[in-house]
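# Report on the structure
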Amino acid sequence: MIRLVSGPIDVAGLISAVADPEHGGTALFLGTTRRETERRAVRGLEYEAYEELAVSEMEAVAREAERRHGARLAIVHRLGTVPAGEATVGVAASSRHRDGAFAAAREAIDELKARVPIWKLNVYADGGREWSRGS
Amino acid sequence: MGRRVVAASGTGGAQRVALGRESGEADDAGRISVAVRLFAELRERAGVDRARVTLPDGSPASAVWAALPSPLAGQAPPRSLAFAINHAWAHPATPLHDGDEVVLLLPGSGG
């Protein structure tokens, strides 16, 4: 399951999407907005995506991690305004054993951050706003 | 699951059809018309999210920057600028064709 969503991430749905009776381990990663960044209070984050390419890149990231680790992957990223304290991205990975599940989830979130065209706007409590620069 | 806001495919195809209908705009002098989309910081700096630019036939993707609406065109292109043509990553030297959709992208910061 690969999705961009506009509301809260359904974590139970994310986990059940990778359920497999042959898989003995499931790992879940949630990225959550922090209340503060660089000692400046954050009111919320706004995410924007180049949706067509973001979906195909998320699918590629999931397929690669699945192949490398014998895993099943589900990735959901939230778009629009996300209040502080809520999840912005969720990655679930299941594999036969825990090592594969952890490794696949780790690889998928790292790859997502490196190559999926989604951008984050920090909206500060003091009214300021600033796009995060990717690397 | 939360509300799905994107179909994984379909919208892009519809856009390509729409762009194809406009491709007759290319004139006889060997010029092509391409659709440009901008997101996030680049969109805000340009003041528009879409533009149509006309370039000499065979121009590379990297030539789009200088044809963008001001004030972006007058500035040096960011070192990290990347390109997508028709929803796939593309090398800056990739030649453009009439009716292509080009997206100029800064590195993402999702997650």
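Report on the accompanying structure. (Residues numbered from 1 in each chain as written. Chains lettered and ligands numbered in written order. Predicted model: local features only at pLDDT ≥ 70, side-chain atom pairs only at ≥ 80, totals over all residues. Heavy atoms only, no water.)

### Notes on the overall build of chain A
Our working definition: Each helix is a run of H or I in the DSSP string that is no shorter than four residues. Each strand is a run of E no shorter than two, and both are numbered from the N terminus. Our radius of gyration looks at C-alpha atoms and nothing else; its globule reference is 2.2 Å times the residue count to the power 0.38.
The number of helices and strands found in chain A is 3 helices and 9 strands. In chain A, the succession of helices and strands from N to C terminus is β-α-β-β-β-α-β-β-β-α-β-β. The C-alpha radius of gyration of chain A comes to 15 Å, within 12% of the 14 Å expected for a compact globule of 135 residues. Overall size of chain A, expressed as C-alpha extent along the three principal axes, is 50 × 25 × 25 Å.

### Some details on the pairing of strand 5 (residues 101-105) of chain B
Residue and element names in this part refer to chain B. To keep it simple, the criterion reads: When accessible area is computed with a 1.4 Å probe and restricted to protein chains, residues below 20% of their type maximum are described as buried, those above 50% as exposed, and intermediate ones as partly exposed. A pair of strands is considered paired only if DSSP assigns at least 2 bridges between the two.
Of all 5 residues making up strand 5, 5 are buried, and the element is well covered by its neighbours. Alternating positions in strand 5 separate into two faces, Glu101, Val103 and Leu105 on one and Val102 and Leu104 on the other, with burial throughout. In the sheet, strand 1 (residues 31-38) pairs with strand 5 via 4 bridges, with the strands oriented parallel. Its bridge partner being in strand 5, arginine 37 is matched across the sheet by valine 103. In terms of strand pairing, strand 3 (residues 82-85) meets strand 5 through 4 bridges, oriented antiparallel. Counterpart to alanine 82 in the pairing with strand 5 is leucine 105.

### What about the interface of chain B and chain A?
Stated precisely, the cut-off is as follows: Contacts are assigned to residue pairs that have any heavy atoms within 4.5 Å of one another. Buried area is calculated as the accessible area (1.4 Å probe) missing from two parts once they are joined, with the contributions of both summed. A carboxyl oxygen of Asp or Glu within 4 Å of a side-chain nitrogen of Lys or Arg is what we treat as a salt bridge. N or O atoms within 3.5 Å of each other form a polar contact, as long as, within protein, one can give a hydrogen and the other can take it, and as long as residues adjacent in sequence are counted only when both atoms are side-chain atoms. Charged means Asp, Glu, Lys or Arg here, nonpolar means Ala, Val, Leu, Ile, Met, Phe, Trp, Tyr, Cys or Pro, and polar covers whatever is left, Gly included.
Taken together, the contacts link 29 residues of chain B with 40 residues of chain A. Buried area between chain B and chain A, summed over both chains or domains, comes out near 2900 Å², and the portion from carbon and sulfur atoms is 55%. A salt bridge links A:Glu48 to B:Arg43; the nearest nitrogen and oxygen atoms lie 2.5 Å apart. Joining chain B to chain A, the criterion identifies 18 residue pairs in polar contact (both at pLDDT 80 or more). Those elements that place two or more of their residues in the side of chain B that touches chain A are helix 1 (11-22), helix 2 (40-46), strand 4 (88-90) and strand 5 of chain B. Sorting elements by how many residues they give to the side of chain B that touches chain A places helix 2 of chain B first, with 4 residues. Taken together, the residues of the side of chain B that touches chain A sort by class into 13 nonpolar, 9 polar and 7 charged.

### Side note on the side chain of A:His23
Residue and element names in this part refer to chain A. Note on placement: histidine 23 falls in the loop between helix 1 (11-16) and strand 2 (25-32). Exposure remark for histidine 23: the relative accessible area of 17% places this residue in the buried category. Apart from residues lying up to four places away in sequence, histidine 23 is in contact with Gly70, Ala71, Arg72, Ser94, Ser95 and Arg96.

### Focus: the nonpolar core
The test is simple: Among the buried residues, those of types Ala, Val, Leu, Ile, Met, Phe, Trp, Tyr and Cys that are joined through side-chain atoms within 4.5 Å form a nonpolar core.
Core analysis: the biggest nonpolar cluster contains 30 residues, and A:Leu4, A:Met58, A:Leu73, A:Ile75, A:Val91, A:Leu112 and A:Ile118 have the highest contact counts within it. Sorting the residues of this core by element identifies strand 1 (2-5), strand 4 (40-49), helix 2 (51-69), strand 5 (72-78), strand 7 (87-95), helix 3 (98-115) and strand 8 (118-124) of chain A as the ones contributing at least two each. If you look at the next biggest cluster of nonpolar residues, it comprises 22 residues, including B:Leu38, B:Ala46, B:Leu81 and B:Ile85.

### Regarding a nonpolar patch on the surface
All names here are of chain A. Put simply, the rule is: Patches draw on residues past 30% relative accessible area with no salt bridge. Two like charges within 9 Å are joined, as are two nonpolar side chains (Val, Leu, Ile, Met, Phe, Trp, Tyr) within 5 Å. Exposure was quantified through the Shrake-Rupley algorithm and a 1.4 Å probe, taking into account, for residues, occlusion by the shown protein chains and nothing else.
A cluster of nonpolar side chains, Ile15, Leu28 and Leu30, forms an exposed patch at the surface whose accessible area comes to about 210 Å². Residue placement: leucine 28 occurs in strand 2. Taking the relative accessible area as the measure of exposure, leucine 28 reaches 39% and is therefore partly exposed.

### Things to note about the pattern of salt bridges
Enumeration over the complete set of coordinates arrives at 15 salt bridges over all chains. We note a salt bridge from A:Asp126 to A:Arg40, for which the minimum N-O separation is 3.1 Å. Taken as a pair, A:Asp126 in the loop between strand 8 and strand 9 (129-131) and A:Arg40 in strand 4 lie far apart in primary sequence, 86 residues in all. A relative accessible area of 55% means that A:Asp126 is categorised as exposed. Here A:Arg133 and B:Glu41 are joined by a salt bridge, their closest N and O atoms 2.6 Å apart. Separated into two different chains, A:Arg133 in the segment after strand 9 and B:Glu41 in helix 2 make up a pair that spans both. Judged by its relative accessible area of 14%, B:Glu41 falls in the buried class. Here the residues in one salt-bridge network are A:Glu57, A:Glu64, A:Glu111 and A:Arg115, joined through shared partners.

### Details of helix 3 of chain A
Residue and element names in this part refer to chain A. To keep it simple, the criterion reads: Expected span, for any helix, means 1.5 Å times one less than how many residues it has.
Counted at 1.5 Å a residue, the expected span for helix 3 with its 18 residues is 26 Å, and the 26 Å between its end C-alpha atoms agrees. Looking at helix 3, one finds that the buried residues are Gly100, Ala101, Ala104, Ala105, Glu107, Ala108, Ile109 and Leu112. Buried residues belonging to helix 3 abut strand 2, helix 2, strand 5 and strand 7.

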